[in-house]
Amino acid sequence: MLFPGGARKPPPLNLTHQTLPWREEFKGQVNLHVFEDWCGGAVGHLRRNLHFPLFPHTRTTVTKLAVSPKWKNYGLRIFGFIHPARDGDIQFSVASDDNSEFWLSLDESPAAAQLVAFVGKTGSEWTAPGEFTKFSSQVSKPRRLMASRRYYFELLHKQDDKGSDHVEVGFWTTVHGMVLPHFRWRAFLPGLKFEIIGPAHISLYTDESSLKMDHVAHVPQSPASHVGGYPLHEEPSVDMLQPDPRDTFFLTPRMEPLSLENVLEPCAYAPTYVLKDFPIARYQGLQFVYLSFIYPNDHTRLTHMETDNKCFYRESPLYLERFGFYKYMKMDKEEGEEDEEEVQRRAFLFLNPDDFLDDEEEQELLDNLEPTDGALQQSRRPPTPAASTGTPATPTPPTSSPPDEQTPRHSRALNWAPRPLPLFLGRAPPPRTVEKSPSKVYVTRVRPGRRPSPRALRDSPWPPFPGVFLRPKPLPRVQLRVPPHPPRTQGYRTGGKVTELRPPVRAQTTQGGREGHLHGQGLPEPTVDLNSSVETQPVTSFLSLSQVSRPQLPGEGEEGEEDGAPGDEATSEDSEEEEEQAAGRPLGRWREDAIDWQRTFSVGAMDFELLRSDWNDLRCNVSGNLQLPEAEAVDVVAQYMERLNARHGGRFSLLRIVNVEKRRDSARGSRFLLELELQERGGGRQRLSEYVFLRLPGARVGDEDGESPEPPPAASIRPDSRPELCRPLHLAWRQDVMVHFIVPVKNQARWVVQFLADMTALRVHTGDSHFNIILVDFESEDMDVERALRAAQLPRYQYLRRTGNFERSAGLQAGVDAVEDPSSIVFLCDLHIHFPPNILDSIRKHCVEGKLAFAPVVMRLGCGSSPWDPHGYWEVNGFGLFGIYKSDFDRVGGMNTEEFRDQWGGEDWELLDRVLQAGLEVERLRLRHFYHHYHSKRGMWATRSRKGARAQ
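Residues numbered from 1 in each chain as written. Predicted model: local features only at pLDDT ≥ 70, side-chain atom pairs only at ≥ 80, totals over all residues. Heavy atoms only, no water.

## Section: the overall build of the protein chain
Next, step 1: When you go through the protein chain residue by residue, the secondary structure sums to 18 helices and 37 strands.
Next, step 2: Among the 952 residues that make up the protein chain, the fraction classed as buried is 48%.
Next, step 3: For the protein chain, the share of sequence-separated contacts (at least 6 apart) that also reach a separation of at least 24 residues comes to 79%.
Next, step 4: Of the roughly 48,200 Å² of accessible surface on the protein chain, a fraction of 51% belongs to carbon and sulfur atoms. (Helix = DSSP H or I, 4+ residues; strand = E, 2+ residues; numbered from the N terminus. Buried < 20%, exposed > 50% of the residue type's maximum accessible area, 1.4 Å probe, protein only. Contact = heavy atoms within 4.5 Å. Areas by Shrake-Rupley, 256 points an atom, 1.4 Å probe, with all protein chains shown as cover.)

## Observations concerning the packing of aromatic side chains
Next, step 1: In the structure shown here, the tally under the stated rule is 17 aromatic pairs.
Next, step 2: An aromatic cluster of at least three residues, connected via ring pairs, comprises Phe741, Phe755, Phe771, Phe827, Phe835 and Phe930.
Next, step 3: Between the NZ or CZ atom of Lys134 and the centre of the ring of Trp126, over which it lies, the distance is 4.4 Å.
Next, step 4: Over the ring of Phe879 we find Arg924, and its NZ or CZ is 3.8 Å from the ring centre. (Phe/Tyr/Trp six-rings, centres within 6.5 Å; stacked < 30°, edge-to-face > 60°. Lys NZ or Arg CZ within 6 Å of the ring centre and 35° of its normal.)

## Remarks on the confidence of the model for the protein chain
Interpretation of this model should avoid reading the predicted coordinates in detail wherever pLDDT is low.
Next, step 1: Per-residue confidence for the protein chain gives a mean pLDDT of 74; residues scoring 70 or more make up 63%.
Next, step 2: Below pLDDT 50 for its whole length, residues 175-191 participates in 39 contacts with residues either more than four positions away or in separate chains.
Next, step 3: The low-confidence segment residues 703-717, where pLDDT is below 50, has 20 contacts with residues more than four positions distant or belonging to other chains. (pLDDT = per-residue confidence, 0-100.)

## What about the sheet that holds strand 33 (residues 857-861)?
Next, step 1: Strand order across the open sheet formed by four strands is 31-37-33-34, with mixed pairing between neighbours. Every interior strand has two partners, whereas the edge strands, strand 31 (833-834) and strand 34 (872-874), have only one.
Next, step 2: Where strand 33 meets strand 34, three bridges bridge the pair, whose relative direction is antiparallel. When the bridges of strand 34 are listed, Arg860 appears paired with Tyr873. (Pairing = 2+ DSSP bridges.)

## Quick word on unusual backbone geometry
Next, step 1: That bond from Asp97 to Asp98 is cis: its omega, 15°, falls within 30 degrees of zero.
Next, step 2: By the element assignment, Asp98 lies in the loop between strand 5 (88-97) and strand 6 (100-105).
Next, step 3: Put simply, Tyr295 and Pro296 share a cis peptide bond, and its omega is -10°.
Next, step 4: Here Pro296 lies in the loop between strand 15 (293-295) and helix 2 (317-323).
Next, step 5: We note that Tyr283 has phi near 65°; this positive angle belongs to a residue other than glycine.
Next, step 6: By the element assignment, Tyr283 lies in the loop between strand 14 (266-267) and strand 15.

## A short note on helix 12 (residues 749-766)
Next, step 1: Compared with the 26 Å implied by 1.5 Å per residue over 18 residues, the 26 Å span of helix 12 between its first and last C-alpha is a close match.
Next, step 2: Among the residues making up helix 12, those that are buried are Ala749, Arg750, Trp751, Val752, Gln754, Phe755, Leu756, Asp758, Met759, Thr760, Leu762 and Thr766.
Next, step 3: Along its buried surface, helix 12 packs onto strand 27 (739-745), strand 28 (771-777), helix 13 (785-791), strand 31 and helix 15 (839-845).
Next, step 4: Phi for Gly767, located one or two positions after helix 12, is positive at around 70°. (Expected span 1.5 Å × (residues − 1).)

## What about the side chain of His740?
Next, step 1: Note that His740 resides in strand 27.
Next, step 2: At 3.2 Å, the side chain of His740 and the side chain of Asn772 are in polar contact. (Polar contact = N/O pair within 3.5 Å; in protein donor to acceptor, adjacent residues only side chain to side chain.)

## Quick look at the nonpolar core
Generally speaking, soluble globular proteins have nonpolar side chains that are buried together.
Next, step 1: Of all hydrophobic cores here, the largest spans 41 residues; its most connected members are Phe741, Phe755, Leu756, Met759, Leu775, Phe835 and Ile843.
Next, step 2: When contributions to this core are tallied by element, the ones reaching two or more residues are strand 27, helix 12, strand 28, helix 13, strand 30 (825-828), helix 15 and strand 37 (926-932).
Next, step 3: Here Leu775 is in contact with Val743, Val745, Val752, Phe755, Leu756, Val785, Leu789, Gln798, Tyr799 and Leu800, once residues within four sequence places are set aside.
Next, step 4: Val816, Phe879, Val892 and Phe900 belong to the second-largest nonpolar core, a separate cluster that totals 34 residues. (Core = buried A, V, L, I, M, F, W, Y, C linked by side-chain atoms within 4.5 Å.)

## Quick look at empty space enclosed by the protein
Next, step 1: Tallying each qualifying case throughout the model produces nine cavities of 30 Å³ or more.
Next, step 2: Taken as a whole, the largest cavity holds about 280 Å³ of empty space.
Next, step 3: For the lining of the largest cavity, the secondary structure elements donating two or more residues are strand 23 (652-665), helix 15 and strand 37.
Next, step 4: In terms of residue class, the lining of the largest cavity is built from six nonpolar, five polar and 10 charged. (1 Å grid on protein atoms, 1.4 Å probe; cavity = no way out; pocket = protein on both sides within 12 Å on 5 of 7 lines; lining within 4 Å. Points joined across faces, edges and corners; volume = space filled by probe spheres on them. Nonpolar A, V, L, I, M, F, W, Y, C, P; charged D, E, K, R; others polar.)

## Topic: the state of the cysteines
Next, step 1: Under the criterion given, the structure shown has two disulfides.
Next, step 2: The partner cysteine of Cys39 in its disulfide is Cys863, sulfur to sulfur 2.0 Å. Linking Cys39 and Cys863, the disulfide has an S-S dihedral of approximately 110° and is accordingly described as right-handed. With Cys39 in the loop between strand 1 (30-36) and helix 1 (43-47) and Cys863 in the loop between strand 33 and strand 34, the pair connects residues that are 824 residues apart, well separated along the chain.
Next, step 3: For Cys863, a relative accessible area of 24% puts it in the partly exposed group.
Next, step 4: What pairs with Cys267 in a disulfide is Cys726, and their sulfur atoms sit 2.0 Å apart. Every disulfide takes its handedness from the sign of the S-S torsion; for Cys267 and Cys726 that torsion is 70°, giving right-handed. Linking Cys267 in strand 14 with Cys726 in strand 26 (residues 724-728), this pair joins segments that are 459 residues apart in sequence. Of the two residues examined, Cys267 and Cys726, each falls in the buried class. (Disulfide = S-S within 2.5 Å.)

## Brief notes about the pattern of salt bridges
Next, step 1: Under the definition given, this model contains 38 salt bridges.
Next, step 2: The partner of Glu632 in a salt bridge is Lys662, and the shortest N-O contact between them spans 2.6 Å. One end of the pair, Glu632, is in helix 11 (residues 630-648); the other, Lys662, is in strand 23, with 30 residues separating them in the sequence. The exposure classification of Glu632 matches that of Lys662, with both residues buried.
Next, step 3: Two residues, Glu677 and Arg656, come together in a salt bridge whose shortest N-O distance is 2.8 Å. Remark: Arg656 occurs in strand 23 and Glu677 occurs in strand 24 (residues 669-680); sequence separation between them is 21 residues.
Next, step 4: We classify Arg656 as partly exposed; its relative accessible area is 37%.
Next, step 5: Through salt bridges with shared partners, one network takes in Arg663, Arg671, Glu921 and Glu923. (Salt bridge = Lys/Arg side-chain N within 4 Å of Asp/Glu carboxyl O.)

## Describing the sheet that holds strand 25 (residues 685-695)
Next, step 1: Strand order in this open sheet of seven strands is 14-26-25-24-23-15-22, and the pairing throughout is mixed. The open sheet has two edge strands with one neighbour each: strand 14 and strand 22 (626-627).
Next, step 2: Here strand 15 runs beside strand 22; their pairing, made up of two bridges, is parallel. Across the sheet, Phe293 pairs through a bridge with Leu626, a residue of strand 22.
Next, step 3: The sheet contacts of helix 11 involve strand 15, strand 23, strand 24, strand 25 and strand 26, and relative to strand 23 the element is tilted by about 125°. (Axes fitted to C-alpha atoms, helices over the stretch in contact; angles between N-to-C directions.)

## Some points on the pairing of strand 4 (residues 74-82)
Next, step 1: With respect to burial, strand 4 is a largely interior element, nine of its nine residues being buried.
Next, step 2: Pairing geometry for strand 4 and strand 13 (residues 202-203), over two bridges, is antiparallel. In the sheet register, Ile82 faces strand 13, and the bridge partner there is Ile202.

## Some remarks on the side chain of Asp768
Next, step 1: Here Asp768 lies in the loop between helix 12 and strand 28.
Next, step 2: Within the structure, Asp768 has its side chain in polar contact with the side chain of Arg844 (distance 2.7 Å).
Next, step 3: Aside from chain neighbours lying at most four places away, what touches Asp768 is Arg763, Leu840 and Arg844.

## Considering the environment of Asp298
Next, step 1: Inspection of the secondary structure puts Asp298 in the loop between strand 15 and helix 2.
Next, step 2: With relative accessibility at 4%, the residue Asp298 sits in the buried group.
Next, step 3: Sequence separation between Asp298 and Leu927 is 629 residues; the distance between their C-alpha atoms is 9.0 Å.
Next, step 4: When sequence neighbours within four positions are dropped, the list of residues in contact with Asp298 reads Asp244, Arg246, Asn625, Gln627, Arg926 and Arg928.
Next, step 5: Within the local environment of Asp298, its side chain forms a polar contact with the side chain of Thr300, the two groups lying 3.1 Å apart.
Next, step 6: Of the polar contacts made by the side chain of Asp298, one reaches the side chain of Asn625; its length is 2.7 Å.

## Here we look at helix 17 (residues 907-917)
The α-helix winds at 3.6 residues per turn, so residues separated by three or four positions along the chain end up facing the same way.
Next, step 1: Within helix 17, 10 of the 11 residues are buried, which leaves it mostly tucked inside the rest of the structure.
Next, step 2: On its buried face, helix 17 sits against helix 14 (808-817), strand 30, strand 32 (852-854), strand 35 (882-885), helix 16 (886-892) and strand 36 (921-923).
Next, step 3: Two residues or fewer after helix 17 comes Gly919, characterised by a positive phi angle close to 90°.

Structure, rendered in C-alpha cells:
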C-alpha cells in the first residue's frame, strides 16, 4: 500500500468462515455499523472508505430492516441472521435512497454470502420508501430456506448529501403455491406487497456492547465487504500517481560523505532572505517563506482539479472572457485582410494608464468582487499587520542584486516578466541589450472613487459603460418601439408553484435617451409614473443588442429579468427588421457570422510552470512545485560531475538526474540539492545526494552570524567570471539521524490503529528502523492506546499519558520534551496522514541543524477521495506538519502552550514566526503521495452531541 507505483495486485480476501457462538438472547435486533462523513451515493464508494469494514464511527443495533436516520453523506452496514418461521421459497426485495445491496448466505457463514438484490451501481439510482419493484434488480429469485436453520445476511447502504435517506428490506414466502406474509398462511394474491422484515425473524451476529473500538476480531468479513475495493489493478488516472524515480531512490546505496568532502571548495553560506533577529508582525512569517525550484517535473500540479479551481491561469476575468488565450496566438491572414482581433485589441487599449488599476490593485479588487476556491481558503488567513497592530507592515529585508539580473516581482498571479537566462554548460551568455519594455495592456476597470461626472459623460462622444469595452467609433442611434398592446399576464409552473409573468415596465426618459445610459451606470434616474400608459412612453437608446456584450444587455440583472427582459428582445428584433427593410435587404431574423475554417495561426512554445515566481503562493492551491529549467539543472550537474571525476580520476559516470532542487538568492547565489544516480567503474550503482552552492561573482558573504563580511576566495571564481560551485559550510544532512513522530491523540481509535499500521508497513517495506513514535494520549476511552503500541511491530515507541482536555500545543510540547537527544529530528505530526515511502528520507534531507527546517505541503483529500483516487487541494496555508532538529526547536522556545490552551488553529503560524526570526530557513515542498485523509471534526476531541448533552 505504501508503494502506489509498485505491484497492483488486489490483496487476498480475509473472509470469515467460522462464526462466533450464538445465544438465544440475540433475537429481536441486528448489528448496525455507521460510517459517517463520506461522500458518494454508490455502495462502491463505501468500500473505498479507509476504515471500511472494520472501523466504523458508531456500533449500535436496530430492531428491523428499515432505517431512516435523516442524515447525509454516510454509509450503513447492517448484518446478522435471518430466522425463517417455516420452510419454503422466499423472495427478498430492497428499496433505498441512494444505492443499496442485500447479501444472503447459504448458511450461517459470512464467507458464503451472495448478492441477491440491489438498487443501482453508480450512485444516481434511488427508490421511494416502499417502492420495491422500480428496478428488476431489487427483487431476488426465490430461495429455499428452512425454519430450523439461521442464515447470515448483510445489508449495505450508501447515502449522499441529498434526497430522503432510507433503506428497507421486504419479503414474501410461498409454500406449495401459497403466500405467507409474516409467515402466515394466506391465499395467493397477485397484487400482494412485500412486508418489512421485523424483529421476530432477525438476530444479532454478536454482542458488541462491551467491546472497545479497536477490538475488531469479531467483525465479520464477507464478500460483500470486499468486492469492488481499491482499483489497484487499473492504471492511475492522475499524473501524480505515475511512477517516479524519487519514490524509491532512497533505497539506492548512498555515497559516503567523506569521499565528497574535497570535491568542491568550502564556502560560507548565509543567504540574504534569512530573517535572523528581524522583527516581523504576528502571523506574517507566511509572507517570508520562499519556494524552491525542482527538476525534473514531479507532476505535483493537480491538473485534474483545475476544472474546479482555475487559479493557475489567473488573469483579469474581463480580458479573459473576451479574448481567452488568443493573446498568445498570432493569427495568419491573407495580404490586405484586416485582423479583426487586432482591431478590437487596439480598441481596448487606453492612452492614460493613471486612470486604471495596476496589477496589485486590480488583483485585490477582483478578489473582493469574485472570490474563488483559493480565495475562500483565505478565511483562515490572519489580518495584515496594519490591521492587527495598527502599525505599517514590515518590509522585506533589503537585498542587493546585480544590475543584469531582474528582481522577481512578488505577485500571487503568474509572473509574465522575461525569465533570466540560465547557465548553459558553463558558457557565458551574450551581453543583454537594453530593450524597450513591451507595452502594457490595461484592463478596462476604472479605479474606485474616480467615477466620471455626469457632465463629462454628456460631453463624451459615446458614454462608456462599466465592464463594456469601448468602441472605436460612435454608435448609431436606434429608435426602439414597444408593442402596441402589453402582453397578457400568463403563468408557468415551477416546482409546484405558479409564477406570474408581468408586462414589461419601461422607464420614462428625456433628452433623447441619455438618461438611459446614466441608469445603466448606476446614476439617479427620473421617477417612473406607474399609473401612466405604457404605450405613450417612447424609449430611445444609443445601443442595439448586437453592439452590447452579453453581460450588459439592458433589462438584465435582478431587476431586468423581472421587469423587462422579454420586451427588450422583442423591440430589438423589430428594430433590426426595420433596418434591414430600409436598406433593401431581405428580412432575416438571424444574422450569423461567417466561419473561416481555413484560419491558421502561429504560436510559440509556452510553459506556464516556468513563468511562476518563488513567492509563497497562498491563493492557488492546485499548482505544484516550481519547475527548474532543464538547461540550468544540466549545467550545474555538468560542473559537479567535472569536479567529481577530476577528484576521483574519472571513476564515476552519470546514469540519471533523479532530482535537483534550487533555492534562489538573487544577491549572493543559489543553493542546489543534487540527487544523481551514478555508476562506479568496477562497482555498482550509487546515490549522490548533496547540497552545493553556486555563488555569484563579486558577492560578499558574511559568516554564520552575518556580521563580518569577507570577499569570496579566488578559487571559487572561474577565469571567465562565471559563478563557480562550492560546498556550503554546515549544510550537510545526516542519513541515519533519528526522526521522532510526535502525535497527540484523544478518542481516535480508528485513526490510531491506521497510523500504527502505516508506521509498521513503513518499517517493513523500507527497512529503516531509525524512527520513533511518540503518542501523547489525553485519556482516550475508546481504546487502550498503550496496548496498541506494544502490539504494533515498531522499532521504537513512547507512550505519554496526560489528563484533562485535549490541547494540541501542550501535547506536542510534551512529546518534544520526552526526546533526550538534541541532535535528532522531531516531526510534529497529525493523526490523519497517509505517508509516502520516502517520508523519512525527505525529512532528513531538508532538516539541517542550525540551518534548515522542513514544512512539507500535504494534499488535503476531499470527501469520498482516497490515496488511490486523489481529489482535493494542497494545504498551502497549513504549517502543522513540521520537521526541525530538537536543539533548534528548544532554541526558538518550543510551542506556545499559554495562548493556545483551550483551542488550536494558529499555533503553527506562531511557531513559524519564531523559527524564521531565529535565522532558520523553512523548506517548503509538495510531496508526492503525501495526503491528509478527509475527516470531519464532529465527535472529535470528546465533543458531545446535542442529544447526549441534554441527557447528561
